[in-house]
Amino acid sequence: KRPAGAPDKALARPITKVGVIGAGLMASQFALLFVRRLRVPVVITDLDQARVDKGVEYIHGEIATLLAKKRISADEANRLRALVTGTTDKADFADADWVIEAVFEELGVKQDVFAEIEKHISPEAILATNTSSLSVEKIGAKLAHPERLVGFHFFNPVAIMPLIEVVKTPVTNDATLSTAMVVAGKLRKNAVITRDTPGFVVNRLLAKLLGEAMHAVDTGTSFEVVDGALAPFGLPMTPFQLLELVGLKVGAHVLDTHHAAFPERFFESANLHTLAEYGKVLDRDAKGKIKGFDKGAVKIVAG
Ligand code: 3HC
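Residue positions within a chain follow its written sequence, with the count starting from 1. Where totals are concerned, whole chains, interfaces and linings use all residues; where local detail is concerned, this predicted model gives features only for residues with pLDDT of at least 70, and gives and counts side-chain atom pairs only at 80 or more.

As named in an unreviewed UniProt entry, the protein chain is 3-hydroxyacyl-CoA dehydrogenase, taken from Cryobacterium psychrotolerans.

## Re the site of the ligand
Heads up, the rule is: For each residue, a C-beta atom is placed from the backbone, and the residue is labelled near a molecule or strand when this atom is within 6 Å of it. Only DSSP runs of H or I with at least four residues qualify as helices, and only runs of E with at least two residues qualify as strands; both kinds are numbered from the N terminus onward. Note on residue categories: nonpolar means Ala, Val, Leu, Ile, Met, Phe, Trp, Tyr, Cys or Pro, charged means Asp, Glu, Lys or Arg, and polar means any other residue, Gly included. Where each domain begins and ends is defined by an automated method or by a domain database.
If you check the shell around the ligand, you find 16 residues, and the closest are Ser132, Asn156, Pro157, Pro236 and Val246. Elements represented by at least two residues in the shell around the ligand include exactly helix H7 (202–218), helix H9 (239–246) and helix H10 (248–261). In terms of residue count, H9 provides more of the shell around the ligand than any other element does, three residues in total. Looking at side-chain class alone, the shell around the ligand contains 13 nonpolar, three polar and no charged residues. Inspection of the shell around the ligand shows a minimum of three residues originating in each of domain 1 (9–195) and domain 2 (202–293).

## Some remarks on the confidence of the model for the protein chain
Defined as follows: Confidence scores per residue from the predictor, reported as pLDDT, run from 0 to 100.
Here the protein chain averages 94 in pLDDT, while 98% of its residues score no lower than 70. Predicted complex metrics record ipTM = 0.94 and pTM = 0.95.

## Topic: the environment of alanine 64
Going by this rule: Remark: C-beta atoms are placed from the backbone, and a residue is labelled buried if 20 or more other C-beta atoms sit within 10 Å of its own, exposed if 12 or fewer do, or partly exposed between those counts.
Relative to the assigned elements, alanine 64 resides in helix H2 (residues 49–68). A residue is classified by how many C-beta atoms lie within 10 Å of it, and alanine 64, with 12 of them, is exposed. As for alanine 64 and lysine 168, which are separated by 104 residues in sequence, their C-alpha atoms are 36 Å apart.

## Remarks on the environment of glutamate 57
By the secondary structure assignment, glutamate 57 is in helix H2. Put simply, glutamate 57 and glycine 86 are 29 residues apart on the chain and 9.8 Å apart in space, counted from C-alpha to C-alpha.

## Quick word on unusual backbone geometry
For the bond running from asparagine 156 to proline 157, omega is -15 degrees, close enough to zero to count as cis. Of note, proline 157 is situated in the loop between strand S6 (149–153) and strand S7 (163–168). Positive phi, close to 55 degrees, is recorded for arginine 39, a residue that is not glycine. Secondary-structure assignment places arginine 39 in the loop between helix H1 (25–38) and strand S2 (42–45). Positioned with a positive phi, lysine 70 is a non-glycine residue whose angle comes to about 60 degrees. Here lysine 70 shows up in the loop between H2 and helix H3 (74–83).

In structure tokens form, the structure reads like this:
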């Protein structure tokens, strides 16, 4: 059955090579997924060779884990490793027909990244952004062909979470949307088509939950009380565990985007940016087990 709003699958373009811009944790996670499920070459780039190497190293590490867990054979591990390459040369993207970015969540940065890559890629290539909550239409503002840009939003941990939000802008064309839906299917994810609105569907809801949790802490309720109160509600993770999973900097960015778009509906957190710089809210033992909360950076404000 065709998902709501999805155009005809026959319009989808074949994907023979994937280009990934950004070699951070999220990008490396989905680069591996593209290699495993599409079985096509995946080239990954970032600002410098050290970042590229770190991303490729992460992917190799995950392939080794899959092998150790006997999810893949040694032959398959070798095949997957051979399909992943790192580069700092944009010319290596020339024959990619699907190019996806997960760089720093700042509009100007993403606009420039796409405008730059467009000079190196085929006019037929599809462009996708993994933005958490920025306007996909604005991200494509400097493109010569914004109709080939679509939002393709993964969730953490990428290998486990079953959803992809496919974000359609007012100008995304049917071939692009159809390709995105077919690619999501090949990645074995459920895809929903969303409007190009801040936070799309999932982050809009999570921003509410995490924003209120932060506001409670900002105004004097302890981390323990907020997280502990939510613990028996059947959520897979309590709010502050989730905030750390998505990354405090990403979380702060998502909250800022929502506050800017809907100031009457979303709080600006007094502490989240400081916490993001500080780096953590949870106190863990050497094995990563949660021991409690790290209150190092929190300042209570009136509210
Ligand atoms: N990274 C990678 N893999 C992880 C992981 C992590 N942080 N945490 C767990 N996993 C893997 C484990 O290795 C295991 O894999 P395996 O089956 O291959 O061995 C699998 O997940 C299950 O792990 P557990 O047995 O420890 O399972 P849990 O029952 O504890 O579930 C969870 C772990 C799936 C992460 C679960 O806690 C969960 O669903 N949490 C909520 C996650 C969520 O809401 N994500 C969305 C965040 S929003 C977002 O990402 C959008 C962005 O734009 C901000």
